[in-house]
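Chains, contacts and geometry: an overview
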Amino acid sequence: IAAAFLLGMVISGGCFVWEKLARKIVAWENPRTDDDFTQDLIWKLWPVQCVVAYNSFVYIAFFKRYTPTQCLNGNCLAEVRLNLYMTFASYACICVATTIVNA
């Protein structure tokens, strides 16, 4: 549970930092319209957020079985499922807490 909470913190922290940085990068590019700004921001945010959010799950699903610390009981799918549930539950709690603190 602690690892899932930590992963949720890493995901939210990584996405937060990259969003701030991406906004500055797009502002430096000086897009002509607000629509251009939004499109440029989306193209900068989604690839990084996908990597930050899903890299550990891809590792467990496809690569962990070939390491010395193989999956739980040799079942990588069950481990991915468990990690997804725990991480996204902790990430949801972090988002709710952040919203309450910022309100």
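Residues numbered from 1 in each chain as written. Predicted model: local features only at pLDDT ≥ 70, side-chain atom pairs only at ≥ 80, totals over all residues. Heavy atoms only, no water.

We now examine helix 2 (residues 34–63). Along its 30 residues, helix 2 runs 42 Å from first to last C-alpha, staying within 8% of the 44 Å computed at 1.5 Å per residue. Considering bend angle alone, the principal kink of helix 2 is centred on Y54 and spans about 50 degrees. Buried within helix 2 are the following residues: L41, L45, A53, S56, F57 and I60. Against helix 1 (2–29) and helix 3 (76–102) lie the buried residues of helix 2. (Helix = DSSP H or I, 4+ residues; strand = E, 2+ residues; numbered from the N terminus. Expected span 1.5 Å × (residues − 1). Bend = angle between axes of the 7 residues up to and from the residue. Buried < 20%, exposed > 50% of the residue type's maximum accessible area, 1.4 Å probe, protein only. Contact = heavy atoms within 4.5 Å.)

It is possible for side chains of opposite charge to pair when their charged atoms get near one another. Applying the stated criterion across every chain, the model contains 3 salt bridges. For the salt bridge of E29 with K44, the shortest nitrogen-to-oxygen distance reads 3.0 Å. Placement of the pair is E29 in helix 1 and K44 in helix 2, with a sequence separation of 15 residues. Classification of E29 by relative accessible area gives partly exposed; the value is 40%. The partly exposed category is assigned to K44, whose relative accessible area is 21%. (Salt bridge = Lys/Arg side-chain N within 4 Å of Asp/Glu carboxyl O.)

Further remarks concern the packing of aromatic side chains. Applying the stated criterion across every chain yields a total of 3 aromatic pairs. Between Y54 and F88 the ring centres are 6.5 Å apart and the planes differ by 65 degrees, which places this aromatic pair in the edge-to-face class. Of the two residues, Y54 is situated in helix 2 and F88 in helix 3; the sequence distance between them amounts to 34 residues. When the centroid spacing of 5.9 Å and the interplanar angle of 40 degrees are considered together, the rings of F57 and F88 count as tilted. Residue F57 is found in helix 2, and its partner F88 is found in helix 3; the two are separated by 31 residues along the sequence. Judged by relative accessible area, F57 falls into the buried class, the value being 6%. When its relative accessible area of 34% is taken as the criterion, F88 is described as partly exposed. (Phe/Tyr/Trp six-rings, centres within 6.5 Å; stacked < 30°, edge-to-face > 60°.)

Turning to the confidence of the model for the protein chain, a few remarks are in order. With 99% of its residues at a pLDDT of 70 or more, the protein chain has an overall mean of 88. Of all the helices and strands in the protein chain, helix 3 carries the lowest mean pLDDT, 86, while helix 2 carries the highest, 91. (pLDDT = per-residue confidence, 0-100.)

Mapped onto the elements, E79 comes out in helix 3. E79 sits in the buried class, given a relative accessible area of 7%. In terms of polar contacts, E79 uses its side chain to reach the side chain of K64, at 2.5 Å. If sequence neighbours within four positions are ignored, E79 has contacts with I60, K64, C71 and L72. (Polar contact = N/O pair within 3.5 Å; in protein donor to acceptor, adjacent residues only side chain to side chain.)

Counted according to the given criterion, the structure contains 1 disulfide. Covalent S-S linkage joins C71 and C76, the inter-sulfur distance amounting to 1.9 Å. Around the S-S axis, the bridge from C71 to C76 shows a dihedral of about 85 degrees and counts as right-handed. Judged by relative accessible area, C71 falls into the buried class, the value being 7%. A relative accessible area of 6% means that C76 is categorised as buried. C15 forms no disulfide, and the closest cysteine sulfur to it belongs to C50, at a distance of 9.0 Å. For C15, a relative accessible area of 13% gives the class buried. The thiol of C95 is unpaired, and the distance to the nearest cysteine sulfur, on C15, comes to 9.1 Å. Taking relative accessible area as the criterion, C95 reaches 31% and is therefore assigned partly exposed. (Disulfide = S-S within 2.5 Å.)

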